[in-house]
Amino acid sequence: MTGAIVSASMGVIGTLLPKLFMLIQGEYKLQKGVKTKIAFLTNELSSMESLLVKLANNEERLDEQLKDWRNKVRELSYDIEDCVDLFINKMSKGGDTANLVKKTASTIKKIWSRRKIDKLIDELKARVEEESERRLRYKVDDQAINFSKVVHIDPRLPALYVEAEKLVGIEGPREKIIEFFMKNDDDDGHQLKVVSIVGFGGLGKTTLANQVYHKIKGQFNCSCFVPVSRNPNITKLLADMLKELGSCVDPSDDERLLIEKLRALLKDKRYFIIVDDIWNTQAWEFIKSALPENNLNSRVITTTRISNVAASCCTGLAGYVHNIQPLSDLQSQQLFFKRVFGDISACPPHLEEVSHRILEKCHGLPLAIISIASLLAGKSNKDQWEQVYNSINSAFSHQGMRDILLLSYYDLPYNLKTCLLYLSMYPEDYRIKRKELTWRWIAEGFITEVRGQTMEQIAESYFNELVNRSLIQPIDIWYDGKAGACRVHDMVLELIVSLSAEENFACIVEGQSYSGSGHKIRRLSVQSEHVGDEVMQKIMDKWSQVRSISFYGCQEQGICHLHELHHLRVLVLGDVNNLGYQHKYIDSIKKHIKYVGSFFQLKFLTISSSCVTELPEDIGNLQYLQTLNIDGTSVRKLPPSIGHLQKLVHLLVGSCVELPDEIGDLQALQELS
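These numbers come from a predicted model, not from an experiment. In this numbering scheme, every chain counts its residues from 1 along its sequence in written order. Note on the predicted model: pLDDT of at least 70 is required for a residue's local features to be given, and 80 or more for side-chain atom pairs to be given and counted; whole-chain, interface and lining totals, by contrast, use all residues. Computation of side-chain values covers all heavy atoms of the structure but excludes hydrogens and water.

**Some remarks on the confidence of the model for the protein**
On average, residues of the protein carry a pLDDT of 83, and 86% of them reach 70 or more. Scored from 0 to 100, pLDDT records how confident the predictor is in each individual residue. Counting from the N terminus, the helices are the DSSP runs of H or I reaching at least four residues and the strands are the DSSP runs of E reaching at least two. Helix H6 (residues 161-164) is the least confidently modelled element of the protein, averaging 38 in pLDDT, while helix H19 (residues 434-444) averages 96, the highest of any element. Taken as a whole, residues 96-109 scores under 50 in pLDDT and shows five contacts with residues more than four places along the chain or in a different chain. Below a pLDDT of 50 lies the segment residues 148-166, which in the model reaches 38 contacts outside its immediate sequence neighbourhood of four places, other chains included. It only takes one pair of heavy atoms within 4.5 Å for two residues to be counted as in contact.

**What about the side chain of Ser550?**
Residue position: Ser550 is located in strand S12 (residues 548-552). Contacts described as polar in this section are N or O atom pairs within 3.5 Å, which, within protein, must combine one atom able to donate a hydrogen with one able to accept it, while residues neighboring in sequence count only if both atoms come from side chains. Among the polar contacts listed, one links the side chain of Ser550 to the side chain of Arg440, at a separation of 2.7 Å. Residues contacting Ser550, with those up to four places away along its chain left out, are Met425, Arg440, Leu524, Ser525, Val526 and Val572.

**Side note on the nonpolar core**
Phe336 and Trp441 are the most contacted members of the largest nonpolar core, which totals 96 residues. For this core, the element with the highest residue contribution is helix H15 (residues 366-376), accounting for eight residues. Start and end positions for the domains come from either an automated domain assignment or a database one. Each of domain 2 (170-323) and domain 3 (506-672) accounts for three or more of the residues forming this core. Setting aside anything within four residues of it in sequence, one finds Phe336 in contact with Ser355, Leu359, Ile369, Ile372, Ala373, Leu376 and Trp385. Put simply, buried Ala, Val, Leu, Ile, Met, Phe, Trp, Tyr and Cys residues joined by side-chain atoms within 4.5 Å make one nonpolar core. Three labels apply to residues, based on accessible area from a 1.4 Å probe with only protein chains included: buried if under 20% of the type maximum, exposed if over 50%, partly exposed otherwise in between. In this structure, Leu562, Phe599, Leu628 and Leu651 belong to the second largest nonpolar core, which totals 42 residues.

**Structural notes on the pattern of salt bridges**
A pair can form between side chains of opposite charge whenever their charged atoms are brought close. Take a side-chain nitrogen of Lys or Arg and a carboxyl oxygen of Asp or Glu: if they are within 4 Å of each other, that pair is a salt bridge. In this structure the tally under the stated criterion is 37 salt bridges. Notably, a salt bridge pairs Arg135 with Asp141, separated by 2.9 Å at the nearest N-O pair. For Arg135, a relative accessible area of 11% puts it in the buried group. The exposure class assigned to Asp141 is partly exposed, which follows from its relative accessible area of 30%. A salt bridge links Lys482 to Glu460, with the nearest nitrogen and oxygen atoms 3.1 Å apart. Of this pair, Lys482 sits in the loop between strand S7 (473-477) and strand S8 (483-487) while Glu460 sits in helix H20 (residues 455-468); the two residues are 22 residues apart in sequence, bridging distant segments of the chain.

**Things to note about the sheet that holds strand S15 (residues 627-629)**
In space, the nine strands of this open sheet follow the order S10-S9-S11-S12-S13-S14-S15-S16-S17, with mixed pairing throughout. Edge positions in the sheet fall to strand S10 (513-515) and strand S17 (671-672), since each has one partner strand and no second. Sheet analysis places strand S11 (residues 523-526) next to S12, joined by four bridges and oriented parallel. Note on S12: the bridge partner recorded for Val526 is Phe551. Of the strands in this sheet, strand S9 (507-510), S10 and S11 touch helix H22 (residues 533-542), which is tilted by about 35° from S10. Strand pairing is defined by DSSP finding a minimum of two bridges between the two strands. Each axis is a line fitted through C-alpha atoms, taken for helices only over the stretch in contact, and angles between the N-to-C directions span 0 to 180 degrees.

**A word on the pairing of strand S4 (residues 299-304)**
Counting buried positions along S4 yields six of six residues, so the element is predominantly enclosed. Taken together, the six bridges between strand S1 (residues 193-198) and S4 define a ladder with parallel strand orientation. Looking across to S4, one finds that Val194 is bridged to Val300. Relative to S4, strand S3 (residues 271-278) runs parallel, the two being bridged by five bridges.

Put into structure tokens, the structure is as follows:
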């Protein structure tokens, strides 16, 4: 199996080197001197690539000097590839079908492009020479030789996540809550009851709530599970509640109308609602106002890390605060051994003592125990266990939990590290569809080619491996055992957002701030309805070479100059139907669609806005497009130019969309839905 094509730590050297070879050998009529310079770049970067692989496999051992050198080479690889891509695109224009005037103009542009690339190659060559000299000065190769060999995760690691839903120690608290809910006291009558589960992150609050939910929800007329998160979009949250309860949602509904609809829907029903991960009392008050006290034995469970929020959820209602407790020593041992060895009594004698010491540092936190157990599954060497023990602090602290999760992260192969970091592009508590995620990984270039397997099969194996390691939570389990989607635990998300910023892998805009450390933004995810002018300007100063943009509910999708971003591979205009858009935002979204044909590198395009009614004819220019999803739009007819998309594999449209005859020209198409 070859190395990952694009990775968070190595940049795009894997995709760049073949393009440089193509420039040397291709029909681009470059001067001999230019080809010599490109050959120099190729040789130097090939040498650097092998060194970067060593650094990527020993990421936790890098000091600041090594990280600085690696980061500069990584960013340099992006800049060189962007330059090469623009040159190749310009040289490929003006084919045999062009008339004389167009051919003449094209010839002039190509001569200019050859002169321009000569100058750019000189600048890039100087940067490569500088990093080669720095490599010698820092003695990077000598330090890499001294890295101890990394022991990789056993590939036979079993898929244990389903068992995590039956966590050791869950039965007692679950039955206590169910008993309280099912008991009808004379004092309480048939009124609404609330249990608010509170505790430290990683203690299993959501798992406990989910266990109660699945055991008794069949006794209610309707039920739903509502994830809230730290910065909730209340309008979308209420709309999602309505959808899950089986009602239709009008995109123009505001918060007041949604609350009225929820109250009308629930007033004569016995309902059971889980409100998961509340961070402030204001969010609870909005949700509470939508829940009528109808004296029909309705029930609500909330989960939170914050005690005063938990108390607020029970104020004025029949209920109590359930302080979730860490697992006992015995329960911790049972969970740990079951996860590592498959049996609670199967621990080899030579590992018993070190396992007890490891569990002492986990302090009964199920998430910590599961993370460490996944890390040690398949390892029987005591030295490996001692190394894990020496690497972790107490789990019962924010830093301790981060250290434990970092161990799991560092143990990943570098291609899986990249795929995990990419999940930071999605908002907190987002339901991430498995197929969409794997298609985006492919479009970004993260998937390694393996003989005898398709790219989608490999991407799906990456997804399953992240599930096996308990780094993502599978949901929507299908009849065949496959997960239709996943979510990311908030502590894992916090870690990967931080790492993405450190690696300049992704820039996340949330509220009036953004995470990002580099001079250039490579991937951008806007997860706020409104972005302040100051933040917007900072983004636009750095995004000329951005490769991936995702909008989730942002009303400023009218960012100007979007059509000038020639390096885009992935564009997601998503989750905008429930926000009651004003006309100026509708116009700006339509403007994005108008210019979509200019993104000549685009491979993945999703549009989820009902105000979009048509696609431009020049969408046929997107010769690299693999996935087109317009299921969330009001498009009713595809343009004939859709038949030009010879690399289109997935086409997702609404059931009422009229398909042109040219749809038969799509030779690569595998999915039409």
